[in-house]
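# Observations on the model geometry
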Amino acid sequence: MSDRLPPLTALRAFEAAARHMSFAEAAAELHVTPAALSFQIKSLEEHLGAPVFRRLNRRVELTDIGAGLVPGVEEGFEALQGAWSNALRRLDQGHLTVTAGPVFMATFLAPRMSKFVMEHPELELRLTASLKVLNFQRDNIDLAVRFGPYSDDGYFSERLFHEWATPMMSPELAYSVETHEDLAKQVLIRQNSTEILTSIESWSEWFKATGTKDTKTRGPEFTSPDAALHYAANGGGVVLGRVSLAEGLLNSGRLVAPFKEAMRKEVYYRLVCPIGMENDPNVVIFREWMREEIKSLDAFSKGRVFV
């Protein structure tokens, strides 16, 4: 038995087929015919001396040998992709690709992009809005703005802002809401965010934290925090709004946050990138810029009592 590796094309075919669990989908991704992909996998099996897939009726499944091979092959291709991407970045020094959640991208980053472009005309910023945690190497991402519990093992991670939420409503509605009991009588806008589910958007958590007698929440439910905030701004009710997403509406006066209490859990905005990339000149520019921009949220934190 030889330790010599099989051809790279055969390993690539195996990795794609194992990820999709479909020869047809893997072939489409690699832009080859299913017959050609099957030939490459057969070549790998002959090289190994054992099957890596069981061919079943209209589907395939990994053998024990194949399943054991997957993690190492995936890691190897990820390392290759990372090395290649880093090499390309050295040639393409005028670009920076940043990913963030769609709502944060629309409400916080996008309104500031013209300012960034004016300050750094030499740098072309590419923004990718996604609910998924994108792979830095495979998706050619330089830097990610992530939100949620602090867990970025294996990456450089810089904390930006400790998120909080408080009841927000239109100025007109605020005239009739002076106490927590008044609040409980209002239409309470519910949120079921697909971006990240956190208890800081939960009315039951709010009433518990403020010692208010719980009430049966009544009101519309939104899957988008942005839509919930705008519904409240139009007088539809009270929303338990996250300050990072409501900043524009608060600054314009369309929303007010009359209660000093704010709910804060262990969820943060962070800048995340592969270790070593934090010192890339373009990444340094964006990191310094974001640290300054995020300070605008501190003004809303003054005088708050965090529960």
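Report on the accompanying structure. (Residues numbered from 1 in each chain as written. Predicted model: local features only at pLDDT ≥ 70, side-chain atom pairs only at ≥ 80, totals over all residues. Heavy atoms only, no water.)

Per the counting criterion, the structure on display carries 18 salt bridges. Between Glu61 and Arg54 there is a salt bridge, and its shortest N-O distance comes to 2.9 Å. A salt bridge links Lys265 to Glu205; the shortest N-O distance between them is 3.6 Å. A residue pair is termed long-range when its members are at least 10 positions apart, and Lys265 in the loop between strand 11 (261–262) and strand 12 (268–274) and Glu205 in helix 9 (residues 203–209) qualify at 60 residues. One network of salt bridges, with partners in common, ties together Arg12, Glu15, Arg19 and Glu29. (Salt bridge = Lys/Arg side-chain N within 4 Å of Asp/Glu carboxyl O. Helix = DSSP H or I, 4+ residues; strand = E, 2+ residues; numbered from the N terminus.)

A separate point is the pairing of strand 5 (residues 143–148). Buried residues dominate strand 5, accounting for six of its six residues. Burial along strand 5 is two-sided: the face carrying Leu143, Val145 and Phe147 and the face carrying Ala144, Arg146 and Gly148 are both buried. One ladder, built from two bridges, connects strand 3 (residues 95–100) with strand 5; its direction is parallel. Within strand 5, the position partnered with Val98 by the bridge is Leu143. Pairing of strand 5 with strand 12, which is carried by five bridges, proceeds in the antiparallel orientation. By the bridge assignment, Gly148 is partnered in strand 12 with Tyr268. (Buried < 20%, exposed > 50% of the residue type's maximum accessible area, 1.4 Å probe, protein only. Pairing = 2+ DSSP bridges.)

A few words on the sheet that holds strand 3. The five strands lie next to each other as 4-3-5-12-6, forming an open sheet whose pairing is mixed. Only two strands of the sheet have a single neighbouring strand rather than two, namely strand 4 (124–129) and strand 6 (155–162). Strand-to-strand twist of the sheet, defined as the mean angle between neighbouring strand axes without regard to direction, takes the value 20°. Alignment of strand 3 against strand 4, held across six bridges, turns out to be parallel. By the bridge assignment for strand 4, Thr97 is matched with Arg126. The sheet strands contacting helix 5 (residues 102–109) are strand 3, strand 4, strand 5 and strand 12, and the helix crosses strand 3 at an angle near 115°. (Axes fitted to C-alpha atoms, helices over the stretch in contact; angles between N-to-C directions. Contact = heavy atoms within 4.5 Å.)

Now for the packing of aromatic side chains. Geometry of an aromatic ring pair is reported as the spacing of the ring centres plus the angle between the planes. Applying the stated criterion across every chain yields a total of twelve aromatic pairs. The interplanar angle of 50° and the centroid separation of 5.3 Å between the aromatic rings of Phe222 and Tyr231 together place this pair among those described as tilted. In this structure Tyr231 comes out as partly exposed when scored by relative accessible area, which is 35%. With a centroid separation of 5.6 Å and an interplanar angle of 45°, the aromatic rings of Phe286 and Trp289 are classed as tilted. (Phe/Tyr/Trp six-rings, centres within 6.5 Å; stacked < 30°, edge-to-face > 60°.)

Looking at the element boundaries, Glu158 is found in strand 6. Exposure remark for Glu158: the relative accessible area of 13% places this residue in the buried category. Of the polar contacts made by the side chain of Glu158, one reaches the side chain of Arg287; its length is 2.7 Å. If sequence neighbours within four positions are ignored, Glu158 has contacts with Tyr269, Arg270, Leu271, Arg287 and Arg291. (Polar contact = N/O pair within 3.5 Å; in protein donor to acceptor, adjacent residues only side chain to side chain.)

Turning our attention to the sheet that holds strand 7 (residues 165–168). Pairing between sheet strands relies on hydrogen bonds along the backbone, with the strands arranged either parallel or antiparallel. The four strands are arranged 7-10-8-9 in an open sheet whose pairing can be described as mixed. Both edges of this open sheet fall to strand 7 and strand 9 (221–222), since each of them pairs with a single strand only. Here two bridges tie strand 8 (residues 188–191) to strand 9, and the two strands are oriented parallel to one another. Residue Gln191 lies in a different strand from strand 9, and its bridge partner there is Phe222.

Right, let's get into the nonpolar core. Residues Phe104, Leu109, Leu183, Leu255, Phe286 and Met290 are the most contacted members of the largest nonpolar core, which totals 63 residues. Non-local contacts of Leu109, meaning those with residues more than four positions away in its chain, are made with Ala100, Phe104, Phe286, Trp289 and Met290. If you look at the next biggest cluster of nonpolar residues, it comprises 19 residues, including Phe53, Val70, Val73 and Phe77. (Core = buried A, V, L, I, M, F, W, Y, C linked by side-chain atoms within 4.5 Å.)

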